[in-house]
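What follows is the residue order along each chain.
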Amino acid sequence: MSPAATVEGVWRALLGRRVAALALGLAAVALLFVIDLGTGPARLSPGEVAAALLGRAFEPTTSAIVWSIRLPMAVLGLLVGAALGLSGAVVQTVLANPLASPYTLGLAGAAGFGAALAIVLDLPLPVAGELRIVLVAFLVALFAAGLLLLLGRLRDGRPEVIVLAGLAILFLFQALLSLLQYLATPEALAQIVFWLFGSLARASWSKNALLAVALSVALPALLRLAWRLSALRLGEERAAALGARPGALRLEALAWVSFLTAAAVAFAGTIGFVGLVAPHLARALVGEDQRFLLPTAALAGAFLLLAASIASRAIVPGSILPIGILTALVGVPFLLGLVLRRPSGSRP
Amino acid sequence: MIRVENLRVVLAGRPVLEGVSLTVEAGEIVALLGPNGAGKSTLLRAVAGLVPSRGRIALGPDGQGCRLAFVPQETAAPRGLSLLEIVLLGRLGRLGFAVGPADLEAAGRALAAVGLEPLAGREAATLSGGQRQMAYLAQALAAEPEAMLLDEPLSALDLRHALEVAELLRRLVRERRLACLLVLHDLNAAARMADRLVLLRDGRILAEGPAASILRPHNLAALYGIEAALLDGPDGAPVVLPLRPLGAGREAA
């Protein structure tokens, strides 16, 4: 066999495995999505849920529960999980750090402060109610992202600078948040604490549409960088030698991630752990070819968040726990499993 | 062809290269020799455009640029990438989102050239250090370069593989008319492999020319601060036998 024929066979086999893993992820997410729709305090049977989805519900309340509560929540879970999983994979790749997550960049702290600011102060804004909080949280997170990228740019986008700048931003906004909490009225304080827990209960179709747009812009933009991101996994110098321009690449990728994370956190609050664990799960499935890793990490994020969402309704029957509490409980077993199956002495 | 004129590189306020000029013709191997910190790797990085420099760097026959592959010394590979993907990344500038037949063909040829084709599907992290060094050489070849910069291409190889890679490089450089500038620590390998040697000390060129005229006791004393004996090798290339650091007494040695 000629070298080209052998190599083509190897390549086909490799692609086949990765496409299969991606399809598996997609099927798992679809399954959890359906289970999520069927879970909740209202105890609807699968038949009732299906009938409501098809517009044939016997009772209007069933239709309202499915269309106005469960479906928007499930879709928000899907989108936020995908955004956090995708962002986590990119952050871990560009910072060459398996412990990094979207929150390493300090943006969650900034969004939390923004939300608290909107809750405590009566800011003159063109939007009212819940969307005010989302808008201010998003804007403050974007401001923090701008600060982070500016600091990173001053030092050629070096990873250690970005990690330190992210930490500084996180502590800065945490301190400002504490100050607001200290000054807030008891009612506002309760509202802030609930917001910080992270929850899908604030879901609405308008929010879902906005987040879907953010994701559908950011994912192709990041996929366009996929080969350069894969090259970055070979180390800074080799990536530079291959023409990946690591500094510029890192800043561009982080700009997209900041945008996505800011949107996800602004809509759903601080939901930890998904952005950390989902990329590891995806990596175990498809390896480091970022053309496959990025979409798989998005699927893994959606999978984890939907699993947490189901657990949040199943643990205490008749009530819904804030999902931010559940993601860690659901994510820890996955993380431990990955730690235990990794052969010792290998690079992360 | 690689032509460097009056190159000056300053890193962190410290001059690392000063007034360096050299030429590597197509089909020629030039080896950079010198002690640690002499600026050898920096010279490769400057030619690759990875560190800012002053002076003139011209690549290609007309100086208008050419496809250049730079192979750094580091041979680590991450988990989760196959050897084939590592080699394909050598074509980073030309890869579309989907890998085309031309890319696979070039990768196949590169893998066959270094003899790693049977391992194409293996995870690169599970290869030995020497195999990874060959893998990165294949990555450079997949770019179908006209000029190559290699930083210590033999450092992770055992004796047999070092000889094989040296022979492979000589053959590729001749056949494909590559201009090849490499950094070596092994003086004897450099003498047998390179057409010309360039001795670099404290960021300046101390001497350059064919091995026989360059590997002389006074040059080795000036370059490394050692006393060395020179023997005639079986294939005509001089063989360097390092004896002792300069200044150390015979009794002490």
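Residues numbered from 1 in each chain as written. Chains lettered and ligands numbered in written order. Predicted model: local features only at pLDDT ≥ 70, side-chain atom pairs only at ≥ 80, totals over all residues. Heavy atoms only, no water.

## Section: the pairing of strand β8 (residues 196–201) of chain B
Residue and element names in this part refer to chain B. Counting buried positions over the six residues of β8 gives five, a clear majority of the element. The pairing of strand β3 (residues 28–33) with β8 spans four bridges and is classified as parallel. Looking at the pairing, Val-30 lines up with Arg-196 of β8. Here β8 pairs with strand β9 (residues 204–209) via five bridges, running antiparallel. (Buried < 20%, exposed > 50% of the residue type's maximum accessible area, 1.4 Å probe, protein only. Helix = DSSP H or I, 4+ residues; strand = E, 2+ residues; numbered from the N terminus. Pairing = 2+ DSSP bridges.)

## A closer look at the pattern of salt bridges
Side-chain pairing between opposite charges can occur once the charged atoms of the two side chains come close. All names here are of chain B. Scanning all chains against the criterion turns up 23 salt bridges over all chains. Here Arg-174 and Asp-195 are joined by a salt bridge, their closest N and O atoms 3.2 Å apart. Of this pair, Arg-174 sits in helix α5 (residues 159–176) while Asp-195 sits in the loop between α6 (187–193) and β8, and the two are 21 residues apart along the sequence. Judged by its relative accessible area of 34%, Arg-174 falls in the partly exposed class. Where salt bridges share partners, they join Arg-91, Arg-94, Asp-103, Arg-109 and Glu-144 into one cluster. (Salt bridge = Lys/Arg side-chain N within 4 Å of Asp/Glu carboxyl O.)

## What to know about empty space enclosed by the protein
Residue and element names in this part refer to chain B. All told, the structure shown has one cavity of 30 Å³ or more when counted by the stated rule. In this structure, the largest cavity is lined by 16 residues; those nearest its centre are Val-71, Gln-133, Leu-137, Glu-152 and Pro-153. Top contributing element to the lining of the largest cavity by residue count: helix α4 (residues 129–142), with four residues. When its residues are assigned to classes, the lining of the largest cavity shows nine nonpolar, three polar and four charged. (1 Å grid on protein atoms, 1.4 Å probe; cavity = no way out; pocket = protein on both sides within 12 Å on 5 of 7 lines; lining within 4 Å. Points joined across faces, edges and corners; volume = space filled by probe spheres on them. Nonpolar A, V, L, I, M, F, W, Y, C, P; charged D, E, K, R; others polar.)

## Some thoughts on the interface of chain B and chain A
Listed as interface residues are 38 residues of chain B and, on the opposing side, 33 residues of chain A. Between chain B and chain A, a total of about 3000 Å² is buried, with carbon and sulfur atoms accounting for 67% of that surface. The largest contributions to the chain B side of the interface with chain A come from B:Arg79, B:Leu92 and B:Phe97, which together make up 24% of the buried area. Linking chain B to chain A there are two salt bridges. A:Arg18 is paired through a salt bridge with B:Glu85; the nearest N and O atoms lie 2.2 Å apart. Only β5 (68–71), α2 (83–88), α3 (101–114) and α4 of chain B provide two or more residues apiece to the side of chain B that touches chain A. The element that contributes the greatest number of residues to the side of chain B that touches chain A is α3(B), accounting for six residues. For the side of chain B that touches chain A, a count of residues per class yields 22 nonpolar, nine polar and seven charged. (Contact = heavy atoms within 4.5 Å. Buried area = accessible area lost by both parts, 1.4 Å probe.)

## As for helix α12 (residues 274–286) of chain A
Residues separated by three or four positions in an α-helix point in the same direction, a consequence of the helix having 3.6 residues per turn. Residues and elements named next belong to chain A. Relative to the 18 Å expected for 13 residues at 1.5 Å per residue, α12 spans 18 Å between its end C-alpha atoms, a close match to the ideal helical length. In terms of residue burial, α12 counts as a mostly covered element, since 11 of its 13 residues are buried. Residues of α12 that are buried include every one of Val-274, Gly-275, Leu-276, Val-277, Ala-278, Pro-279, His-280, Leu-281, Ala-282, Arg-283 and Val-286, and no others. Count one or two residues on from α12 and you reach Gly-287, which has phi positive near 80°. (Expected span 1.5 Å × (residues − 1).)

## Some thoughts on the environment of A:Ala21
Residues and elements named next belong to chain A. Along the chain, Ala-21 turns up in helix α1 (residues 3–38). What makes Ala-21 buried here is its relative accessible area of 9%. When the C-alpha positions of Ala-21 and Glu-48 are compared, they lie 32 Å apart, and in sequence the two are 27 residues distant. Not counting the four nearest positions on each side in its chain, Ala-21 is found in contact with Leu-285 and Val-286.

## Concerning helix α4 (residues 107–120) of chain A
A rise of 1.5 Å per residue sets the reference length of α4(A), with its 14 residues, at 20 Å; its end C-alpha atoms lie 20 Å apart and thus fit the reference within 8%. For α4(A), the tally of buried residues reaches 13 of 14 residues, placing the bulk of the element in the interior.

## Considering a nonpolar patch on the surface
All names here are of chain A. A cluster of nonpolar side chains, contributed by Leu-189, Val-193, Phe-194, Phe-197, Ile-325 and Leu-329, occupies part of the molecular surface with about 500 Å² of accessible area. Listing elements by their share of the nonpolar patch, those giving two or more residues are α7 (186–197) and α14 (323–341). With four residues, α7 is the largest single contributor of residues to the nonpolar patch. Within the secondary structure, Phe-197 is located in helix α7. Since its relative accessible area comes to 36%, Phe-197 is described here as partly exposed. (Patch = residues over 30% accessible without salt bridge, like charges linked within 9 Å, V, L, I, M, F, W, Y side chains within 5 Å. Areas by Shrake-Rupley, 256 points an atom, 1.4 Å probe, with all protein chains shown as cover.)

## Brief notes about the nonpolar core
Formed by 187 residues in total, the largest nonpolar core has its most connected members in A:Ile271 and B:Leu84. In terms of residues, this core owes the most to one element, helix α3 (residues 60–94) of chain A, which gives 16 residues. In contact with B:Leu84, not counting residues within four places along its chain, are A:Val7, A:Val10, A:Trp11, B:Leu104, B:Ala107, B:Leu111 and B:Ala120. By size, the runner-up hydrophobic cluster in this structure holds 27 residues, among which are B:Leu32, B:Leu43, B:Val51 and B:Leu59. (Core = buried A, V, L, I, M, F, W, Y, C linked by side-chain atoms within 4.5 Å.)

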